[in-house]
Amino acid sequence: MNLEVILFGVMFVMALGCSIAMLFAPNAVHVALFLVGTQIALALAFLLQGAFFVAAIQIIVYAGAIMVLFLFVIMLLGIDLKESLVEPLTGQRGLALVLGAVLAIGLLFVAIQGASLAAGGADGTAALTELNQDPGNVQAIARALFSRYLLPFEVTSILLVVAIVGVMVLARRLSAVETDSRERAAMNEEAA
Amino acid sequence: MIGNIIDWIGAPVIVAAVKVVVVFLVLLVVTMLVIWFERRVLAFMQSRLGPNRHGPFGLAQTLADGIKLFFKEDFRPKNADRWAYALAPVAAMVPSFLAFAVIPIGDHVTIGDRRVDFILSDLNIGLLYFLAMGSLGVYGIVLAGWASGSKYPLLGGIRSTAQLISYEIALGLSLVPIVLVAGSLSTQDIVAAQAGSIGDVTVFDGIPVLEQVSSIFRFVPNWYIWSQWPAFLIFLIAGIAETNRAPFDLPEAETELVAGFHTEYSGIRFAMFFLGEYIHVVAISAMAVTLFFGGWHGPQFGIPWIMPLVWFTLKVLFFVYLFVWVRATLPRLRYDRLMWLGWKRLIPAALVWIMVTAVVNTEGISQSVRLGVFGLLFLAVLVWMGRGDPRLALIVPTKQRGREVPSGTS
């Protein structure tokens, strides 16, 4: 019985408990809070794997920024009563079932492969530990991101920039001149 | 028997546990003293006396207040969300305490054959951990605002969410130049990089006049503040905003929002918010000292491990004083000015400074000199940006505006 096992137990119970509670909580804010709990538990899981950088980013980005924005929107829109049970997308449930099954099979495959690798004596943790010692977790990630995985990294960043620009175009307030010219164009269309 | 137990748990775990308890207790006492200090200094600045009745110099006043709060009735508004209302004070307090885990408060001491550092945990992602705890601290305020089931707390909560998220970005970006210069996210490495004095630079060795000139500066410590002062300014402003203190105390603006997010809290729950805020102030001060003012470095004499602690405490005390001073001096910002400062000034300034630091540090020589030059350039850019803002013209009325006022009305 060492500390890591205890921590793993705490993480496991927290992640699973929060996820299940999230599904059954009727209040939108409570759902968001349970999701935060799940994110923190996942960060703990990364920490146990020695992935310090990913753990910190998990908390800063997901628990600290994205979920706060979720709460912000929920508070601002006042969806704090029971959420509506009308499904706007038809066939949502069937699709969710199929996709969930695909995900479950994928996860199972990864787990089985990991177990067989470990049984075969391939020690992935030793390599990981070595990488984390020299040159260190952050440096190792930086090296991988900016050399081997440079293209996916840059493509992802372009995707994010495109999303940001799109939001700005959609959400910006029109200036008086622009509103005026658009109204005139609409009137011309009506007249024609 | 005891030896067996120690072996079973493991000595590092015991050392860590003792450190946690010590840091926790010290922080509680420090909070008490800081609250007393703030009230006394504020009173002094406003020509009052401040609390001076309980204990010597009124030192026990906070203790008395704490006992009073502890025994006060703990009520909950009718519309409050039960669980979130109870969770909010804890969520506000715990991250502030946790942030202290990565702050090196002194050198190390050797007990037996074991080296014990005066830091809870030297994480290799220390700065990121600090930021993560800061970003978790938002939840306390957001939840308190929402869960109280009352409109003033809700307004305060929404305001603070926008404020904290905006200034978190500036705070995070202001740490990047330090990481670039030190080459590490570990706070202990950053403190170690600030050892020695700026007179020790070997760049000027062999050059007749400059060598003597540089040796004059041997008494000046090699702190990052000299080369990284723009980052420090951004860090300080964003840090004050992160702690929700004047002039950034919009979430609890008492003239508009009663007491903002903690309007509906009383007793021990209110005390927890208070505790969290003051610990956060001390944490930001300690981080400023660690990153920009050489951490625990200082002149060494006497017992080798005590002086670092003293230096660190004095430096942190200066920043706590600065916090109080700022509170006593500056009026609260208007909300749109707050957003303007955060998004249009601090974040672009931080991004520019990151690029400047990155460019300058590609070659290792005479960093301080070049950073100083670039700092002046940066200041010029800042002034230029400030002058270009049309809303500044609205605040400082021009002569033309003065003429528009009818002359007969007074």
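Along each chain, the written sequence defines residue order, and numbers are assigned to residues from 1. For this description, chains carry letters from A and ligands carry numbers from 1, given in the order in which they are written. In view of the model being predicted, local features appear only for residues whose pLDDT reaches at least 70, and side-chain atom pairs are presented and counted only at 80 or more, with totals across whole chains, interfaces and linings using the full set of residues. Working from all heavy atoms in the structure, the side-chain values ignore hydrogens and water.

Draft legend 1. View of the confidence of the model for chain A. Averaged over every residue, the pLDDT of chain A is 80; residues scoring 70 or more account for 80%. Within chain A, helix α6 (residues 150-171) of chain A carries the highest mean pLDDT (91), whereas helix α7 (residues 176-191) of chain A carries the lowest (73). The predictor's confidence in any single residue is recorded as pLDDT, a number from 0 to 100. A run of H or I in DSSP counts as a helix once it spans at least four residues, and a run of E counts as a strand once it spans at least two, with each numbered from the N terminus.

Draft legend 2. Fine view of the pattern of salt bridges. Residues and elements named next belong to chain B. The working definition used for a salt bridge is a side-chain nitrogen of Lys or Arg within 4 Å of a carboxyl oxygen of Asp or Glu. One pass over the full model with this rule turns up four salt bridges over all chains. The salt bridge involving Arg-245 is made with Glu-38; its shortest N-O contact spans 2.5 Å. Here Arg-245, found in the loop between α10 (229-242) and α11 (254-257), pairs with Glu-38, found in helix α2 (residues 11-45); they are 207 residues apart in sequence, far enough to count as distant. The burial state of Arg-245 is the same as that of Glu-38; both residues are buried. Salt-bridge contacts for Arg-327 lead to Glu-38; the nearest nitrogen and oxygen are separated by 2.9 Å. A residue pair is termed long-range when its members are at least 10 positions apart, and Arg-327 in helix α13 (residues 306-329) and Glu-38 in helix α2 qualify at 289 residues. When a residue's accessible area, from a 1.4 Å probe over protein chains only, is under 20% of the maximum for its type it is buried; when over 50% it is exposed; and in between it is partly exposed. Taking relative accessible area as the criterion, Glu-38 reaches 2% and is therefore assigned buried. Put simply, Glu-38, Arg-245, Glu-277 and Arg-327 are held in one network by salt bridges that share partners.

Draft legend 3. Fine view of the nonpolar core. Residues and elements named next belong to chain B. Nonpolar cores are built from buried Ala, Val, Leu, Ile, Met, Phe, Trp, Tyr and Cys residues. Side-chain atoms within 4.5 Å join them into one set. Phe-235, Leu-291 and Phe-292 are the most contacted members of the largest nonpolar core, which has 121 residues in total. When residues of this core are assigned to their parent elements, the largest contribution, 15 residues, is made by helix α12 (residues 267-292). Note on contacts: a residue pair qualifies if any of its non-hydrogen atoms lie within 4.5 Å across the two residues. Residues within four places of Phe-235 in sequence aside, it is in contact with Leu-171, Ser-174, Leu-175, Ile-284, Met-287, Ala-288, Leu-291 and Phe-292.

Draft legend 4. Seen up close, empty space enclosed by the protein. Residue and element names in this part refer to chain B. Cavities and pockets were defined on a 1 Å grid built from protein atoms only: a cavity is a group of points that admits a 1.4 Å probe but offers it no way out, a pocket is an open group of points flanked by protein on both sides within 12 Å along at least five of seven lines, and a lining residue is one with an atom within 4 Å of any such point. Grid points are joined across faces, edges and corners, and a volume is the space filled by probe spheres set on the points. A full pass over the atoms with the stated rule returns five cavities of 30 Å³ or more. Computed from the structure, the largest cavity encloses a volume of approximately 210 Å³. Around the largest cavity, the lining is made up of 17 residues, and of these Ala-92, Ile-141, Asn-244, Glu-277 and His-280 lie nearest the centre. Elements represented by at least two residues in the lining of the largest cavity include exactly α4 (82-98), α6 (138-147) and α12. It is α12 that provides the largest number of residues to the lining of the largest cavity, a total of four residues. In terms of residue class, the lining of the largest cavity is built from six nonpolar, eight polar and three charged. As a volume, the second largest cavity reaches approximately 60 Å³. Surrounding the second largest cavity, Pro-95, Ser-96, Ala-99, Phe-130, Met-133, Gly-134, Gly-137 and His-280 form its lining. Residue classes follow a fixed rule: Ala, Val, Leu, Ile, Met, Phe, Trp, Tyr, Cys and Pro count as nonpolar, while Asp, Glu, Lys and Arg count as charged, and any other residue, Gly among them, counts as polar.

Draft legend 5. Examining the packing of helix α5 (residues 126-136) of chain B against helix α7 (residues 151-182) of chain B more closely. All names here are of chain B. Packing of α5 against α7 leaves a shortest axis separation of 11 Å and a crossing angle of 175°. Classed by the angle they form, the pair α5 and α7 counts as roughly antiparallel. Of α7, the residues touching α5 (which contributes Leu-127, Leu-131, Gly-134 and Ser-135) are Glu-168, Leu-171, Gly-172, Leu-175 and Val-179. Split by residue class, the contact of α5 with α7 holds five nonpolar, three polar and one charged. To define axes, lines are fitted to C-alpha atoms, for helices over the stretch in contact only, and angles between the resulting N-to-C directions are given on a 0 to 180 degree scale. Any angle that falls under 35 degrees is termed roughly parallel, while one over 145 is termed roughly antiparallel, one within 65 to 115 roughly perpendicular, and all others oblique.

Draft legend 6. Here's a closer look at the interface of chain A and chain B. Every contact between the two is made by 26 residues of chain A and, on the other side, 25 residues of chain B. For the pair chain A and chain B, the two sides together bury roughly 2,100 Å², of which 82% comes from carbon and sulfur. In this structure, the connection of chain A to chain B is made through zero salt bridges. We define a polar contact as two N or O atoms separated by no more than 3.5 Å, with the added condition that, inside protein, one atom must be a possible hydrogen donor and the other a possible acceptor, whereas residues neighbouring each other in sequence contribute only through side-chain atom pairs. Linking chain A with chain B are one residue pair in polar contact (both at pLDDT 80 or more). Listing elements by their share of the side of chain A that touches chain B, those giving two or more residues are α2 (28-48), α3 (52-77) and α5 (124-148) of chain A. If one sorts the elements of the side of chain A that touches chain B by residue count, α3(A) sits on top with 15 residues. Accessible-area loss on putting two parts together, using a 1.4 Å probe and summing over both, is the definition of buried area adopted here.

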